[in-house]
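# Topology and contacts: notes
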Amino acid sequence: MLVFKIAAFAVISAIIAVMMRQYRPEIALQISIAAGLLILLAVMEQITGVLSTVSEIAHEYGIDESGLTTIFKVIGISYLAQFAADTCRDSGESALAGKVELAAKILILTLALPIIKILLESVNSLLLKG
Amino acid sequence: MFKRMILLLTCLAAVCTASIAFAETTETGLDVEIQNGIAELELEEWQDTIDSLAPEFRSLLSNSIDQQLMDTAMYGLHWNDVTQITSLHSLAASELKAQAAFFCTIIGISLVGGIVNACSTSERHSLNKILIFIFYCFVACIAVTKFSNTVSVGRETVNAISGFIETASPLLLTLLNTVGAISGSGIIHPAMAFLTGFVTIMLENIVIPLILIGGALSVLNHFTGQAQLEQLSRLTKSGTKWVLGLMFTLYTGVVVLQGISVKAVDGLSVRTAKFAADRFIPVVGGMVSGTLDTVLSCSVLIKNAAGVTAIILTALISALPLFRIGINIFAFRIAAALCEPISDSRVPKLFATIADMLVMLFAAIVVLCVMFVITIGIVIGMNGSAGGI
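Now for a description of the structure that goes with this document. Since the structure is predicted, the reported quantities are computational estimates derived from the model, not experimental observations.

### Here's the deal with the overall build of chain B
Along the backbone of chain B there are 10 helices and 0 strands. For chain B, the sequential pattern of α-helices and β-strands runs α-α-α-α-α-α-α-α-α-α. Long-range pairs, those at least 24 residues apart, make up 83% of the contacts in chain B with a sequence separation of at least 6.

Pasting the structure below:
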């Protein structure tokens, strides 16, 4: 089970980081970042599986795939930005964390603007119909 | 003994055949009379209406409108054929299947949204809000497209029913005149014109736009997460309800009251005509008034058959679109119910409001149909002579 591996790995890295923090705080931070990255990489394979299954389902039921792709991208951006922001906060750089989140928000809005535009257009056409 | 029995049997057989023959001759007489009556009518447009129905519905009726009227006049309605019910069943199933894809889409997207919502690690990330907003936009896009398509179906149906009323009314008016309900047709004529003119225009230009505006408002209402157009959205809904209710009540009230009041007048004039024929035409006067009776009763049969057929055709024209709209209402309601526990509150509220607006559309079509059916009911009730022939 992957979850056991991840749990054990996370706990061990946490212990090592705590132990190292007394002597070399900068190494402790690097350990926690590396551990976080490794955990992300470990589940990456699962994520691609989920993505392909969901887009298969979408194709089967005739869901607009471009919209779904946008949503996946948005989810990805928000998870990555959350990861980076959390790491920055852990290292005491909450201002940097805020910037990362801001950047992510802007990126997400750029991606989402077409969807919002389509929605507004369809609402407009609804009103014009009447 | 044996001879006697043979004699008895022969007598019995003779009596039986005679009675059957007698029954046949009288029925054939009525048959021919009604057939002649129907042959004189102009039924091409009715035939076109039947031809334009879905094949499953067409199988419920006779192939030609003449035959349908004849059957209805002579034997009433008889829909006991199991295969016909099965064909309707398969039609419903295929409709359900066609709508299932949309249903799955909406529920699937909302579920994905709910899962993402649940997976978001913490509340403190404002990124979650944006994610939910984008989900809302995506779901709203699909819902609005569906809503707009459904409203188009509704609009087409209103047009189709109004077109059928226009087709049916001249024939019904002619038939009303043939049974002697002259002042009755004087009432029904403006009523039908009101239905095809005023009511249809009101539905097309006020009710359906109100429904569309209500749908658009409900999308914009939940756009920001704080309901800011709630009252306006409610206003459009109650406005639609009031317009429909008022139209229905006024129309029904006026038409039914007038229908009742003219019945007696027509009855009187037909009786006067019969009496005059009986008394003032020498020698054959009695015969003429008798013939008048037969002709009138045949005309009544034809008129009632035409009325019943018109009701059936209205039902068949509106059945499929109403079924479709009904399925959509159901789909939106189910999606709202399923989304509520898992996603944020905007999506289920949007679905519920759209479902409410579609209920209004459903009601608009039903109101038009019921108004027409009530009118036909009055037409069937007018016999030209109070208290039957």
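### Things to note about the pattern of salt bridges
All names here are of chain B. What the rule picks out here adds up to 6 salt bridges over all chains. In this structure, R234 engages E230 in a salt bridge whose closest nitrogen and oxygen atoms are separated by 3.9 Å. Taken together, the residues R234 and E230, both in helix α8 (residues 230–280) and 4 residues apart, mark about one turn of the helix. Between R333 and D356 there is a salt bridge, with the nearest N and O atoms lying 2.8 Å from each other.

### Here we look at the interface of chain A and chain B
The interface is formed by 31 residues belonging to chain A together with 35 residues belonging to chain B. Here chain A and chain B share an interface that buries about 3,000 Å² over both sides, 78% of which is from carbon and sulfur atoms. Contact with chain B buries area across many residues of chain A, yet A:L119, A:L126 and A:K129 alone supply 21% of it, more than any other trio. In this structure, the connection of chain A to chain B is made through 0 salt bridges. The interface formed by chain A and chain B contains 0 residue pairs in polar contact (both at pLDDT 80 or more). If you list the elements that add at least two residues to the side of chain A that touches chain B, you get α3 (65–90) and α4 (94–129) of chain A. Per element, the largest residue contribution to the side of chain A that touches chain B is 15 residues, and it comes from α4(A). A class-by-class count of the residues in the side of chain A that touches chain B yields 20 nonpolar, 5 polar and 6 charged.

### Section: the packing of helix α9 (residues 285–339) of chain B against helix α10 (residues 346–381) of chain B
All names here are of chain B. Here α9 crosses α10 at 170°, and the two axes come no closer than 9 Å. Put simply, α9 runs roughly antiparallel to α10. By residue class, the composition of the contact of α9 with α10 is 28 nonpolar, 6 polar and 3 charged.

### Here we look at a negative patch on the surface
The grouping of B:E42, B:E44, B:E45, B:D48 and B:D51 at the surface amounts to a negative patch. Mapped onto the fold, B:E44 is located in helix α2 (residues 44–51).

### Quick notes on helix α7 (residues 182–221) of chain B
A rise of 1.5 Å per residue sets the reference length of α7(B), with its 40 residues, at 58 Å; its end C-alpha atoms lie 55 Å apart and thus fit the reference within 8%. Where α7(B) bends most, the angle comes to about 35°, and this point is B:F194.

### Section: the environment of B:H189
Mapped onto the secondary structure, B:H189 falls in helix α7. Expressed as a C-alpha distance, the spacing of B:H189 and B:S169, which sit 20 residues apart in the sequence, is 7.6 Å.

### Description of the packing of aromatic side chains
All names here are of chain B. As enumerated under the stated definition, the model contains 4 aromatic pairs over all chains in all. Between F194 and Y251, the aromatic rings sit 5.7 Å apart at their centres with planes inclined by 5°, giving stacked as the arrangement. With F194 in helix α7 and Y251 in helix α8, this residue pair connects regions lying 57 residues apart in the sequence. Residue Y251 is classed as buried on the basis of its relative accessible area of 4%. Each ring, one from F332 and one from F351, has its centre 5.8 Å from the other, and the planes form 55°; the classification is tilted. In this pair, F332 is assigned in helix α9 and F351 in helix α10, connecting sequence segments 19 residues apart. Grouping residues by exposure puts F332 and F351 together as buried. A connected cluster of aromatic rings, assembled from ring pairs, spans F194, F198 and Y251. We note R346 situated over the ring of Y136; from NZ or CZ to the ring centre the distance is 5.6 Å.

Conventions adopted
- Residues numbered from 1 in each chain as written.
- Chains lettered and ligands numbered in written order.
- Predicted model: local features only at pLDDT ≥ 70, side-chain atom pairs only at ≥ 80, totals over all residues.
- Heavy atoms only, no water.
- Helix = DSSP H or I, 4+ residues; strand = E, 2+ residues; numbered from the N terminus.
- Contact = heavy atoms within 4.5 Å.
- Salt bridge = Lys/Arg side-chain N within 4 Å of Asp/Glu carboxyl O.
- Buried area = accessible area lost by both parts, 1.4 Å probe.
- Polar contact = N/O pair within 3.5 Å; in protein donor to acceptor, adjacent residues only side chain to side chain.
- Nonpolar A, V, L, I, M, F, W, Y, C, P; charged D, E, K, R; others polar.
- Axes fitted to C-alpha atoms, helices over the stretch in contact; angles between N-to-C directions.
- Parallel < 35°, antiparallel > 145°, perpendicular 65-115°, else oblique.
- Patch = residues over 30% accessible without salt bridge, like charges linked within 9 Å, V, L, I, M, F, W, Y side chains within 5 Å.
- Areas by Shrake-Rupley, 256 points an atom, 1.4 Å probe, with all protein chains shown as cover.
- Lys, Arg positive; Asp, Glu negative; His and termini not counted.
- Charge placed at Lys NZ, Arg CZ, Asp CG, Glu CD.
- Expected span 1.5 Å × (residues − 1).
- Bend = angle between axes of the 7 residues up to and from the residue.
- Phe/Tyr/Trp six-rings, centres within 6.5 Å; stacked < 30°, edge-to-face > 60°.
- Buried < 20%, exposed > 50% of the residue type's maximum accessible area, 1.4 Å probe, protein only.
- Lys NZ or Arg CZ within 6 Å of the ring centre and 35° of its normal.

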